[in-house]
Amino acid sequence: ITGIKGGDNSSYVLPYEWLLQHYMNAKDDANVQKYDALGKKLFPHVDYFYAVMPDYYNGKKDYAATFAAYNDMVTQFPDSVSYRFNYANDIFGYIYNGDEGVTVTNKDSLMKVMGEQLEKAHSLDPNDVLTNWLYAQYYYNQGVDARDSASKVKDAAAKKTLTDKATDMFTKALPFGQSGLTALENNGYKKTDRSHYKSIVDLMERIYQSLNQNDKVKEFDAMYDAADKKFVN
């Protein structure tokens, strides 16, 4: 039942949302999948049936299903910056901040997906603070990975290749971090933006430290210290 032909049928979606939420709370996977699929079929333009599933599977620590749900969501709503950011952010958390004991076996493929989602989100809104922040972190962490790998190899050529890759990744991170800071500064130094600002400044300081640019390290260290007085509106 989806409503009356030609009428305003927006309220008819609510029972399906309630049923889905009920079975998610009950952890009844069979009925969760049943009513999620039914909701998507009957109301394909309602994002609820897509948006709730990544969190549901993530809560069950079913990471394959989580990322499959994200993929369905961004496929159905390709122009959503927030959905693409959330997809990339959850991949980042899984790879770098995962629960103790979790083994990431598909890091390379997930890193590729994360990069694709960030690229698309950035193309949709180049000034989005969170996207720029995560994009900078994405490159910075790859730089750290390459640097750590370089420290473990003895072959000079291999070490140089990895060291060069690290430098390249750190350098690629910088413009995204700077874009995030510029967007926050242009927003009028609001107090609610202060924690994001300080986090990006801290990241920029670490990037420049990794590039051995001590003058920039001092500059961003001073920016960090000054943020509490600057973001007061």
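Throughout what follows, the structure given in this document is the object of discussion.

Rules used in this analysis
Residues numbered from 1 in each chain as written. Predicted model: local features only at pLDDT ≥ 70, side-chain atom pairs only at ≥ 80, totals over all residues. Heavy atoms only, no water. Salt bridge = Lys/Arg side-chain N within 4 Å of Asp/Glu carboxyl O. Helix = DSSP H or I, 4+ residues; strand = E, 2+ residues; numbered from the N terminus. Buried < 20%, exposed > 50% of the residue type's maximum accessible area, 1.4 Å probe, protein only. Core = buried A, V, L, I, M, F, W, Y, C linked by side-chain atoms within 4.5 Å. Contact = heavy atoms within 4.5 Å. Phe/Tyr/Trp six-rings, centres within 6.5 Å; stacked < 30°, edge-to-face > 60°. Lys NZ or Arg CZ within 6 Å of the ring centre and 35° of its normal.

Below, the discussion takes up the pattern of salt bridges. Counted under the stated rule, the structure contains ten salt bridges. One salt bridge in this structure joins Asp164 and Lys160, with 2.7 Å as the shortest N-O distance. One end of the pair, Asp164, and the other, Lys160, are both in helix 8 (residues 156–186), four residues apart, so they sit about a helical turn from each other. Taking relative accessible area as the criterion, Lys160 reaches 52% and is therefore assigned exposed. Through salt bridges with shared partners, a single ionic network connects Arg194, Lys198 and Asp228.

Counting residues in each nonpolar core, the largest one holds 50 residues, and the members touching the most others are Phe67, Met114, Leu181, Tyr197, Met204 and Ile207. For this core, the elements supplying multiple residues, two or more each, are helix 4 (63–76), helix 5 (81–96), helix 6 (107–124), helix 7 (129–150), helix 8, helix 9 (194–210) and helix 10 (214–230). Each residue touching Ile207, except ones within four places of it in the same chain, is listed here: Tyr140, Phe170, Ala173 and Leu174.

Counted according to the given criterion, the structure contains 20 aromatic pairs. Here the aromatic rings of Tyr56 and Tyr57 are separated by 5.3 Å at their centres, their planes lie at 65°, and the arrangement is edge-to-face. Each member of the pair Tyr56 and Tyr57 is classed as buried. Aromatic pair Phe67 and Tyr94: ring centres 5.6 Å apart, planes at 65°, arrangement edge-to-face. Linking Phe67 in helix 4 with Tyr94 in helix 5, this pair joins segments that are 27 residues apart in sequence. Accessibility classification places Phe67 together with Tyr94 in one group, the buried group. Ring pairs connect the aromatic residues Tyr16, Phe43, Tyr48 and Phe49, which therefore count as one cluster. The aromatic ring of Tyr224 is capped on one face by Lys198, whose charged end is 4.7 Å from the ring centroid.

The next point concerns the environment of Met53. Secondary-structure assignment places Met53 in helix 3 (residues 48–59). On the basis of relative accessible area, Met53 is assigned to the buried category, the value being 2%. Residues Met53 and Lys27, spaced 26 residues apart in sequence, show a C-alpha to C-alpha distance of 12 Å.

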